[in-house]
Amino acid sequence: QVQLVESGGGLVQAGGSLRLSCVVSGGTFSAYGMGWFRQAPGKEREFVANIDWSGGNTLYEDSVKGRFTIARDNAKNTVYLHMNSLKPEDTAVYYCAADLDKYSAWAPRYLYEYGIWGQGTQVTVSS
């Protein structure tokens, strides 16, 4: 059974940085495309970034380009989201997700394409 566990969230001032981690167990992490999504209060869950199984291809939502970086360490079964220059509008619960379709050419862009999700980690950015 594949499980995803996020960590690294917290409270940070605007302009600060955080690194989120998502550890995957029980599956073949190195074969999965991975994504980060976020959900702010009263809003729908939205795409933030994804990375393919090899780490060679990434995609970012426009509002985080140049500030966030997604990366993976297949030896540690972990995907990261490095977040810099944080803004109050980045406040949300952040979720990682795994595409269980192994070795896909591209990591998915949409929620329904991901087969399994973590429980989320809260990120709060104060102004």
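Structural data are supplied above this passage.
For the structure given in this document, a descriptive report is provided here. (Residues numbered from 1 in each chain as written. Predicted model: local features only at pLDDT ≥ 70, side-chain atom pairs only at ≥ 80, totals over all residues. Heavy atoms only, no water.)

### Digging into the state of the cysteines
Formally: Cysteine sulfur atoms that pair up within 2.5 Å are treated as a disulfide. Helix and strand assignments come from DSSP, with helices taken as H or I runs of at least 4 residues and strands as E runs of at least 2, each series counted from the N terminus. Only protein chains enter the calculation, and the probe is 1.4 Å; a residue is then buried if its accessible area is under 20% of its type maximum, exposed if over 50%, and partly exposed in between.
Scanning the model with the defined rule gives 1 disulfide in all. Bridging Cys-22 to Cys-96, the disulfide has an S-S length of 2.0 Å. Looking down the S-S bond of the Cys-22 and Cys-96 bridge, the torsion is 55°, so its handedness is right-handed. Of this pair, Cys-22 sits in strand S3 (residues 18-25) while Cys-96 is found in strand S9 (residues 92-99), placing the two residues 74 residues apart along the sequence. Judged by relative accessible area, which is 0%, Cys-22 ranks as buried. In this structure Cys-96 comes out as buried when scored by relative accessible area, which is 0%.

### What about the sheet that holds strand S1 (residues 3-7)?
Convention followed: Pairs of strands are assigned from DSSP output, requiring at least two bridges between the strands. Here an angle of 0 to 180 degrees is reported between the N-to-C directions of two axes, which are lines fitted to C-alpha atoms, with helices fitted over the stretch in contact.
Spatially, S1-S3-S8-S7 is the arrangement adopted by the 4 strands of the open sheet, whose pairing is antiparallel. Both edges of this open sheet fall to S1 and strand S7 (68-73), since each of them pairs with a single strand only. Averaged over all pairs of adjacent strands, the angle between strand axes in this sheet comes to 15°, irrespective of strand direction. The sheet contact formed by S3 and strand S8 (residues 78-83) spans 6 bridges and is antiparallel.

Interpretation note: all reported values are geometric properties and have no functional meaning in isolation.
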